[in-house]
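So the chains spell out like this:
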Amino acid sequence: MSRIMVPNMAGIEEAVRILKDGGLVGLPTETVYGLAANALDGGAVAKIFAAKGRPQFNPLIIHCHNFDQAAELVEMNAGARAAAEAFWPGPLTLILPRKAGCPVSDLAGAGLSTLAVRVPKHEAALAVIKAAGVPLAAPSANKSGSLSATTPQHVAEAFGDEVELVLAAGACAVGLESTVLDLSGDAPVVLRPGAVSAEELSEVLGRAVGYDHGDHDAPKSPGQTLKHYAPAVPVRINAIDLLPGEALLAFGPIKFMGIRGGGAAKDLPEDSLRNLSEAGDLHEAAANLFSMMRALDRPGHKAIAVMNIPETGLGVAINDRLRRAARASGFDRLD
Ligand code: TXA
Ligand code: MG
């Protein structure tokens, strides 16, 4: 079982120690309990997905202790300033363009060019984020497909040893996830309804705010699917050798991999070769996935050939992501 501590000084210090060490903490917020990790540490973020048993890498909300910390990560615009002024700290998440050089791990943002940020209205959460000195990625602390956790017992029961510590601050005041407001496009759109309504947001923003009723955990129609990072270059999965002009996204040793027509994969130029994990570690691979795909996603490459990833643990989510990319390139039936 996870340890449970109250968020006094000792509890907060212990949470910070675990987070700095790359571990997971069950964190109370005013909406629901979050499963928190250091947002800058891809390996720690990979643990969130492993623990949730998510079939997909959905982008996570990045929790900050104030507006200024959030403004270091995303491009704030006039609407974002007004919404934050009115509702932060509080149950409102803003989707905004990532700043150039934003240090949040690509895995936490699922490789997207936008990022979800919020400042929770909970003393313990704010104290932990501030003392940790880094923003925290935290989805709702429930197993994928289960109800969100609103008490510390829910969190401890669901995750057992996967979460080292749960900070227990009783039941959550709101009990429902934050409103997700997309301010990255031309018109403001609520992607997930929550305690802050579209009407309240319209008033503050001085313009109409629409609803996109897509259920982002289980999209019902293509128009309602969450946007995913898609490489411009075709992706070919389960590659056992390379075609001339292809880049290689490797997993494990590549000593014996050849290029059709002659040559060895290990001799590819540096910008055509990335290894998700030489040791074959799925957590390391997940942490590297989006940034390495991006690095190989250049017009000079005919395709990105990806080696087979085992369909276990985080491999399920990695393969889900790769299959979508391959399908988009019409390559999924070839291999
Ligand atoms: O109340 C909450 O928001 C809780 C507490 C812990 O803060 N967190 C939470 O996180 O509900 P999660 O991961 O369960 O939900 C995140 C939502 C998902 O619907 C996800 O699709 C959306 O935010 N989201 C995150 N980044 C996005 C992005 N760049 N574009 C569109 N949607 C995004
Ligand atoms: Mg959730």
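Data block above holds the structure.
In short, a report on the structure. What you are looking at is a predicted structure, and each value in this text was computed from that prediction instead of being measured. (Residues numbered from 1 in each chain as written. Chains lettered and ligands numbered in written order. Predicted model: local features only at pLDDT ≥ 70, side-chain atom pairs only at ≥ 80, totals over all residues. Heavy atoms only, no water.)

### Considerations on the site of ligand 1
Taken together, 22 residues lie around ligand 1, and Thr31, His63, Thr114, Ser178 and Arg192 are the ones closest in. The contact in question runs from an oxygen atom of ligand 1 to an N or O atom on the side chain of serine 178, over 2.5 Å. When ligand 1 is considered free in solution it has 690 Å² of accessible area, and contact with the protein chains removes 95% of it. When residues of the shell around ligand 1 are assigned to their parent elements, the largest contribution, three residues, is made by strand β6 (residues 114-118). Among the residues forming the shell around ligand 1, the class breakdown is eleven nonpolar, seven polar and four charged. (Near = heavy atom within 4 Å. Polar contact = N/O pair within 3.5 Å; in protein donor to acceptor, adjacent residues only side chain to side chain. Areas by Shrake-Rupley, 256 points an atom, 1.4 Å probe, with all protein chains shown as cover. Helix = DSSP H or I, 4+ residues; strand = E, 2+ residues; numbered from the N terminus. Nonpolar A, V, L, I, M, F, W, Y, C, P; charged D, E, K, R; others polar.)

### What about the environment of lysine 266?
For lysine 266, the location among the structural elements is in the loop between β13 (247-250) and β14 (273-275). Given a relative accessible area of 45%, lysine 266 falls into the partly exposed group. Expressed as a C-alpha distance, the spacing of lysine 266 and phenylalanine 256, which sit ten residues apart in the sequence, is 8.3 Å. Once residues within four sequence positions are removed from consideration, lysine 266 is found in contact with Ile254, Lys255 and Leu273. (Buried < 20%, exposed > 50% of the residue type's maximum accessible area, 1.4 Å probe, protein only. Contact = heavy atoms within 4.5 Å.)

### Points about the nonpolar core
Counting 79 residues, the largest nonpolar core has Phe57 and Leu94 as its most contacted members. When residues of this core are assigned to their parent elements, the largest contribution, eight residues, is made by helix α8 (residues 282-296). With sequence-adjacent residues up to four places away left out, leucine 94 is seen in contact with Ala80, Ala83, Trp88, Leu115, Ala116, Val117, Leu181 and Leu183. Formed by 17 residues, the second largest nonpolar core is a distinct cluster that contains Val16, Ile18, Ala125 and Ala138. (Core = buried A, V, L, I, M, F, W, Y, C linked by side-chain atoms within 4.5 Å.)

### Quick look at the packing of aromatic side chains
All told, the structure shown has four aromatic pairs when counted by the stated rule. A centroid spacing of 5.0 Å and a plane angle of 80° characterise the contact between phenylalanine 49 and phenylalanine 57, whose relative ring orientation is edge-to-face. Comparing phenylalanine 49 with phenylalanine 57, the two get one shared label, buried. Summarising the aromatic geometry, the rings of phenylalanine 67 and tryptophan 88 are spaced 6.3 Å apart at their centres and angled 55° between planes, so their arrangement reads as tilted. With a gap of 21 residues between them, phenylalanine 67 in helix α3 (residues 67-71) and tryptophan 88 in the loop between α4 (78-87) and β5 (92-97) connect regions that are remote in the sequence. Phenylalanine 67 gets classed as partly exposed once you look at its relative accessible area, which sits at 26%. When its relative accessible area of 11% is taken as the criterion, tryptophan 88 is described as buried. Connected via pairs of aromatic rings, a cluster forms that spans Phe49, Phe57, Tyr229 and Phe290. In this arrangement the basic side chain of arginine 294 is found over the ring face of tyrosine 229, its NZ or CZ atom lying 4.3 Å from the centre. (Phe/Tyr/Trp six-rings, centres within 6.5 Å; stacked < 30°, edge-to-face > 60°. Lys NZ or Arg CZ within 6 Å of the ring centre and 35° of its normal.)

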